[in-house]
Amino acid sequence: MTRLIASLVAALFVLTACNVTTPQLGPDGKPLPSVFRITNSQKNKIPFRVLDSVNALRVAAGLTPVALSAELTAAAATQSQDMSIQNRPWHFGSDGSSPIDRVARTGYAGNMLGENISETFENDVDTLAAWMTEADTRSVIMNPEAKFMGISWFQEVSGKIWWTQVFGS
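Keep in mind that what you see is a predicted model, and the values were worked out from it rather than measured. (Residues numbered from 1 in each chain as written. Predicted model: local features only at pLDDT ≥ 70, side-chain atom pairs only at ≥ 80, totals over all residues. Heavy atoms only, no water.)

Would you explain the pairing of strand β2 (residues 112-120) in this entry?
Side chains on a regular strand alternate between the two faces of the sheet. Within β2, seven of the nine residues are buried, leaving the element largely enclosed by the surrounding structure. In the sheet, β2 pairs with strand β4 (residues 161-168) via eight bridges, with the strands oriented antiparallel. Across the sheet, residue Thr120 finds its bridge partner in β4, namely Ile161. (Buried < 20%, exposed > 50% of the residue type's maximum accessible area, 1.4 Å probe, protein only. Helix = DSSP H or I, 4+ residues; strand = E, 2+ residues; numbered from the N terminus. Pairing = 2+ DSSP bridges.)

See below:
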């Protein structure tokens with residue numbers, strides 16, 4: 001199972017490399033990060049691209065696929081914008097709300113199972129790949145009880161993207 005997940009993460013990295021560009025190198029010889037700009041045409045595609053990727057990972061691991069939830073996506077959108085306002089990636093809102101509070105405010109009928117967050121300049125596929133490399137965020141994505149997912153982001157003028165992903169039963 002671990003090999004399968006590692007293979008899928010590697011496949012995600014390979015897919016992100018399909019758009020070949022020569023990276024600029026910094027003074028240390030390492031590639032400088034590039035800014036992923038979310039265009040209007042991508043806004044409707046990103047949730048389904050993340051959903052398809054998550055479901056491919058889940059099915060390969062013998063888990064049931066999840067469906068998008070408007071309520072969980074609304075909770076994710078609230079958190080993404082609020083993290084930008086606070087200028088820090090963390091799970092609590094500026095009003096003291098927890099992920100459970102935000103999900104409850106949307107009227108979601110199920111249980112909130114977990115929330116993944118990220119502060120990055122990377123696209124959705126790179127962000128998902130990063131989440132899959134960490135045990136705590138991977139466990140949220142691969143929770144066998146998950147039935148629904150919400151995904152949202154807030155992109156600042158600088159290009160920084162605040163990603164939030166929420167799962168529920």
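In this structure, what is going on with the sheet that holds strand β3 (residues 148-155)? I would like to understand it.
As summarised here, the arrangement of the four strands in space is β1-β3-β4-β2, forming an open sheet in which the pairing is mixed. The open sheet has two edge strands, β1 (67-68) and β2, and neither has a second partner.

Would you take a moment to explain the nonpolar core for this structure?
Considering soluble globular proteins, one finds that nonpolar side chains tend to be buried as a cluster. In terms of nonpolar packing, the biggest core is built from 21 residues, with Val54, Ile141, Met149 and Phe167 touching the most fellow members. Sorting the residues of this core by element identifies α3 (46-60), α6 (124-133), α7 (135-141), β3 and β4 as the ones contributing at least two each. Take this core: its biggest share by element is five residues, from α3. Residues in contact with Ile141, not counting those within four places in the same chain, are Val54, Arg58, Asn116, Leu128, Trp131, Met132, Gln165 and Phe167. Residues Leu72, Ala76, Val103 and Tyr108 belong to the second largest nonpolar core, which totals seven residues. (Core = buried A, V, L, I, M, F, W, Y, C linked by side-chain atoms within 4.5 Å. Contact = heavy atoms within 4.5 Å.)

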